[in-house]
Number of protein chains: 2
Amino acid sequence: MLQKKWRMTNQRRVILEELRNSKEHLSADELYMRVKKKLPNVSISTIYRNLEELAEQGLIRKLGPQSIQKRFDANIQPHFHIRCVKCGRIDDVPFSMVSEVSQAIRKTTAMVEKITGYDVLGYHLEFLGICPECRKKEEKKERERNGR
Amino acid sequence: MLQKKWRMTNQRRVILEELRNSKEHLSADELYMRVKKKLPNVSISTIYRNLEELAEQGLIRKLGPQSIQKRFDANIQPHFHIRCVKCGRIDDVPFSMVSEVSQAIRKTTAMVEKITGYDVLGYHLEFLGICPECRKKEEKKERERNGR
DNA sequence: TTATTAATGATAACTATTTGCATTATAGTA
DNA sequence: TACTATAATGCAAATAGTTATCATTAATAA
Ligand SMILES: [Mn+2]
Ligand SMILES: [Mn+2]
Ligand SMILES: [Zn+2]
Ligand SMILES: [Zn+2]
């Protein structure tokens, strides 16, 4: 498991610092503006590279979509989804299966509104996992590694 | 509330048809490939325009991220988020406030795995709403409309 | 101090999506 | 049916966010 060596550069330190000093959930370009005040020559690609790296190391969290492209569903009945983190495929999770979950969520709405000050309009719940096809592929790889 | 007239064009009909015929959750370009087989001259921008339009009309559902850009959080403690659908701002929802929800979700994991065939790794829960600032703006607009 | 190589800055490339605009075609009306 | 207003289209160019390339710099360990 030879892992590459980790260097704490000036840029990396300031990026982490600025993100930690902010109560907001900054986007790459917002963070870029702030880091530039400390390090005027910093490049936007350094911001992106470090955000990826820091998220991979578990020092920060990447919010929102991992895949960039939108998907569409002709089934407008209430149901949930599970997305494969390997290939991006999306499958259905029937509403009935998690109706207690949505009940529990609805029960918290008033409290969430009170604490956050938002008008809560709804929520978005999505499961993440590895689809059967991707699991088979991984198992095959594993077998080849061991069996060789 | 003068709303513009709705025309059921050939392209729109086929786009909806193809999405309905598919059990998958198609992306714009996947759908484009399928529609092209029926309408070889169709344009990718027609696909995009119609998906937006159909979603707005409630005939289909747009999955995944509404905002395109990623955001980052230096707080790696377990907590949830609420996103303003008007301005994209993200605020925290403390874990304690929805711990029953996450308990309920964990309880369903085995069932979700059984039905979908996925290995469930986790989930993503995000509340949607209107932030205090955007509400104020809306209220002001409303007053101006009425008061005039 | 020196050698190794991770990381950087500048820029080009890329992907998904949106926009501008001249042209076409739908739906309502005569 | 023919006419008309304008919604919608096809094509191309533009945009946004992000990722890749590569010569150069600088952090670490010996
Ligand atoms: Mn679905
Ligand atoms: Mn947060
Ligand atoms: Zn998969
Ligand atoms: Zn807002």
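Everything that follows concerns the structure shown earlier in this document.
If you're wondering where the values come from, they're calculated on a predicted model, not measured in any experiment.

What counts and what doesn't
- Residues numbered from 1 in each chain as written.
- Chains lettered and ligands numbered in written order.
- Predicted model: local features only at pLDDT ≥ 70, side-chain atom pairs only at ≥ 80, totals over all residues.
- Heavy atoms only, no water.
- Donors = N, O, S within 2.8 Å, 3.2 Å for Na, K, Ca; no water.
- Tetrahedral: all angles 85-135°; square planar, octahedral: opposite > 155°, others 65-115°.
- Helix = DSSP H or I, 4+ residues; strand = E, 2+ residues; numbered from the N terminus.
- Core = buried A, V, L, I, M, F, W, Y, C linked by side-chain atoms within 4.5 Å.
- Buried < 20%, exposed > 50% of the residue type's maximum accessible area, 1.4 Å probe, protein only.
- Contact = heavy atoms within 4.5 Å.
- Near = heavy atom within 4 Å.
- Polar contact = N/O pair within 3.5 Å; in protein donor to acceptor, adjacent residues only side chain to side chain.
- Pairing = 2+ DSSP bridges.
- Axes fitted to C-alpha atoms, helices over the stretch in contact; angles between N-to-C directions.

**Q** What's the story with the coordination of the zinc ion (ligand 4) in this structure? I'm lost.
**A** Ideal geometry at a metal gives 109.5 degrees between four tetrahedral donors and either 90 or 180 degrees between six octahedral ones. Residues and elements named next belong to chain B. Protein-derived coordination of the zinc ion (ligand 4) comes from Cys84 (SG), Cys87 (SG), Cys131 (SG) and Cys134 (SG), at a distance range of 2.2 to 2.4 Å. If you look at the zinc ion (ligand 4), its 4 donor atoms make angles of 104 to 117° with each other, and the shape they trace is tetrahedral. Mapping the donors of the zinc ion (ligand 4) onto the primary sequence yields the spacing C-x2-C-x43-C-x2-C. A residue pair is termed long-range when its members are at least 10 positions apart, and Cys87 in the loop between β3 (79–84) and β4 (90–94) and Cys131 in the loop between β5 (119–130) and α5 (132–147) qualify at 44 residues.

**Q** Could you clarify how one ought to interpret the nonpolar core in this entry?
**A** Nonpolar side chains tend toward joint burial in soluble globular proteins. Of all hydrophobic cores here, the largest spans 34 residues; its most connected members are Val93, Val112 and Phe127 of chain A together with Val93, Val112 and Phe127 of chain B. Excluding anything up to four places from it in sequence, Val93 of chain B contacts Val112 and Thr116 of chain A together with His79, Phe80, His81, Ile82, Val98 and Phe127 of chain B.

**Q** Looking at this structure, how should I read the coordination of the manganese ion (ligand 2)?
**A** Those protein atoms acting as donors to the manganese ion (ligand 2) are His25 of chain A (NE2), Asp73 of chain B (OD), His79 of chain B (NE2), His81 of chain B (NE2) and Asp92 of chain B (OD), and they sit at 2.0 to 2.3 Å. Here His25 of chain A is found in the loop between α1 (10–21) and α2 (28–38), whereas its partner Asp73 of chain B is found in strand β2 (residues 71–73) on a different chain. Here the two residues His25 of chain A and Asp73 of chain B agree in accessibility, since each one is buried.

**Q** What is the right way to read the protein's contact with DNA strand C from this model?
**A** The immediate surroundings of DNA strand C are formed by 22 residues, with Gln11, Arg12 and Thr46 of chain A together with Arg7 and Tyr48 of chain B found nearest. Of all DNA strand C atoms lying within 4 Å of any protein atom, the proportion belonging to sugar or phosphate reaches 66%. Within the backbone of Ser43 of chain A, an N or O atom sits 3.2 Å from a phosphate oxygen of DNA strand C. Tyr48 of chain B has a polar side-chain atom sitting 2.6 Å from a phosphate oxygen of DNA strand C.

**Q** Which parts of the structure should I look at to understand the sheet that holds β5 of chain B?
**A** Strand pairing in a sheet relies on backbone hydrogen bonds. The paired strands run either parallel or antiparallel. Pairing is mixed across the open sheet formed by 6 strands, whose spatial order is β4(A)-β3(A)-β5(A)-β5(B)-β3(B)-β4(B). Each end of this open sheet is capped by a strand with a single partner; those strands are β4 (90–94) of chain A together with β4 of chain B. Mean inter-strand twist for the sheet, computed between neighbouring axes without regard to direction, equals 35°. The pairing of strand β3 (residues 79–84) of chain A with strand β5 (residues 119–130) of chain A spans 4 bridges and is parallel. By the bridge assignment for β5 of chain A, Cys84 of chain A is matched with Gly129 of chain A. Strand contacts of helix α4 (residues 99–116) of chain A: β3 and β5 of chain A together with β3, β4 and β5 of chain B, with the helix running at about 130° to β5 of chain A, the strand carrying the most contacts.

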